[in-house]
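The lines below spell out each chain.
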Amino acid sequence: MALRTAAKPLRWTAGEWFEKLLAVQARLRAPGGCPWDREQTHESLRTYLIEEAYEVLEALESRDDRKFREEMGDLLLQIVFHSQIAKEEGRFEVSDVIREVHDKMVRRHPHVFGEKRAKDSAEVLRNWEQIKKEERRAAGAKSAGGSKEKGKSGSLLDGVSGALPAALEGFQLTRRAARIGFDWDSVDGVIEKMNEEAGELRQALPAKNAKRTEEEMGDLLFAAVNLARFLHVDPEIALKKANAKFSSRFRRMEELALRSGKVLADVPREQMEEFWDTAKRYEKGGSLEPAEVRKA
């Protein structure tokens, strides 16, 4: 290994860069800093936190390391931003955030940092959930201050945030239940359940009861989320990809309509279907040449 020379400066460590980032955010929030940054609160930043998380996922899918690195930095900034606000209010600092997750990771991996052993990942997940349950019970007893709530058994589903997008919440709920064996034996059972829910929705439609229709539609969507989880597919990501695919095809339909001298809204439904099929073929290497477009 070649020795570093005095003429070649050493790279800053991750810790040094992190300290510099903290200093930048503190300066932006300080008197004389950035007016926009100084106006922000935990509540006003909620949307950005969600947006940045989704942009990280999009960058990951793109396999563009530069973009992936950039978006993860933006997400990290949100953690720093919230921590700075909390520090100003005298509640906690970013060092507390880091310590919490450090201690949690050590505590929840006794098969690595302790004496406990786990034979496979399934056992790791079961142990993880048990440890989380014990942590919630201990936290509940502490907050109760010795009241009658102390020692009350919590639910395995505690900790699944109701603020999550609905598909992700359903995914988390069914995943936790599955970890203790409350699950389907095969994919056929889940698909059968989806068919059952679709049938119940179909039966509800003639009554034109909005409340029941909403309930049955919810059951069908929940079954679809459960199917995704059983197939090891994240339903939120899968739906995002489906949304993107629909958007891409629809935009190509609009392009095809313009090539035929019309706007899509003025094209007959049958020709819309033709445009849709052409857009699908294009995704598989087909052509969007005018010859494929039937003149209306």
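The structure we're discussing is the one just above.
Heads up: these notes are all about the structure in this document. (Residues numbered from 1 in each chain as written. Predicted model: local features only at pLDDT ≥ 70, side-chain atom pairs only at ≥ 80, totals over all residues. Heavy atoms only, no water.)

The secondary structure content of the protein amounts to twelve helices and zero strands. Its helices and strands taken in sequence order, the protein reads α-α-α-α-α-α-α-α-α-α-α-α from the N to the C terminus. Burial statistics for the protein: of 296 residues in total, 25% are counted as buried. A separation of at least 24 residues holds for 50% of the contacts in the protein among residues at least 6 apart in sequence. When the accessible area of the protein is evaluated, it comes to approximately 20,900 Å², of which 57% is carbon and sulfur surface. (Helix = DSSP H or I, 4+ residues; strand = E, 2+ residues; numbered from the N terminus. Buried < 20%, exposed > 50% of the residue type's maximum accessible area, 1.4 Å probe, protein only. Contact = heavy atoms within 4.5 Å. Areas by Shrake-Rupley, 256 points an atom, 1.4 Å probe, with all protein chains shown as cover.)

This paragraph deals with the layout of surface pockets. By volume, the largest pocket is sized at about 490 Å³. In terms of lining residues, the largest pocket is bounded by Phe18, Leu76, Ile79, Val94, Val97, Ile98, Val101, Lys104, Gly159 and Arg175. If one sorts the elements of the lining of the largest pocket by residue count, helix 5 (residues 94–107) sits on top with five residues. Residues of the lining of the largest pocket, tallied by class, amount to seven nonpolar, one polar and two charged. Empty space within the second largest pocket amounts to approximately 400 Å³. For the second largest pocket, the lining is made up of 13 residues, of which Ile50, Ala53, Leu164, Pro165 and Leu168 are closest to its centre. (1 Å grid on protein atoms, 1.4 Å probe; cavity = no way out; pocket = protein on both sides within 12 Å on 5 of 7 lines; lining within 4 Å. Points joined across faces, edges and corners; volume = space filled by probe spheres on them. Nonpolar A, V, L, I, M, F, W, Y, C, P; charged D, E, K, R; others polar.)

Bringing a nonpolar patch on the surface into the picture now. Taken together, the side chains of Leu49, Leu76, Ile79, Phe92, Val97 and Ile98 define a hydrophobic patch exposed on the protein surface, amounting to about 420 Å² of accessible area. The set of elements that each furnish at least two residues to the nonpolar patch consists of helix 4 (65–88) and helix 5. Along the chain, Ile79 falls in helix 4. (Patch = residues over 30% accessible without salt bridge, like charges linked within 9 Å, V, L, I, M, F, W, Y side chains within 5 Å. Salt bridge = Lys/Arg side-chain N within 4 Å of Asp/Glu carboxyl O.)

Further remarks concern the side chain of Glu71. For Glu71, the location among the structural elements is in helix 4. Residue Glu71 is classed as buried on the basis of its relative accessible area of 5%.

Okay, the pattern of salt bridges next. If you walk through the whole model with that rule in mind, you get 15 salt bridges. Residue Arg99 pairs with Asp96 through a salt bridge whose shortest N-O separation is 2.8 Å. One end of the pair is Arg99 and the other is Asp96, both in helix 5 and three residues apart, which spans about a single turn. Residue classification places Arg99 among the partly exposed residues on the basis of a relative accessible area of 41%.

Moving on, we come to helix 12 (residues 269–283). With 15 residues, helix 12 extends 21 Å from end C-alpha to end C-alpha; this agrees with the ideal 21 Å at 1.5 Å per step. Listing the buried residues of helix 12 in full gives Gln271, Phe275, Thr278 and Ala279. The buried side chains of helix 12 occupy one side of the element, clustering within an arc of 100° when seen end-on. In helix 12, the exposed positions angled more than 90 degrees off the buried face are occupied by Arg269 and Glu270. For helix 12, the secondary structure elements touched by its buried residues are helix 11 (235–259). (Expected span 1.5 Å × (residues − 1). Arc of directions from axis to C-beta.)

Attention now goes to the packing of helix 3 (residues 46–62) against helix 11. Viewed as axis vectors pointing N to C, helix 3 and helix 11 meet at an angle of 70°, and their least axial separation amounts to 12 Å. Classed by the angle they form, the pair helix 3 and helix 11 counts as roughly perpendicular. Crossing hand, helix 3 versus helix 11: right-handed. On helix 11, the residues touching Tyr54, Leu57 and Glu61 of helix 3 are Glu236, Ile237, Lys240 and Lys241. Looking at the contact of helix 3 with helix 11 residue by residue, the class counts come to three nonpolar, no polar and four charged. (Axes fitted to C-alpha atoms, helices over the stretch in contact; angles between N-to-C directions. Parallel < 35°, antiparallel > 145°, perpendicular 65-115°, else oblique. Left-handed = near helix turned anticlockwise from the far one by under 90°.)

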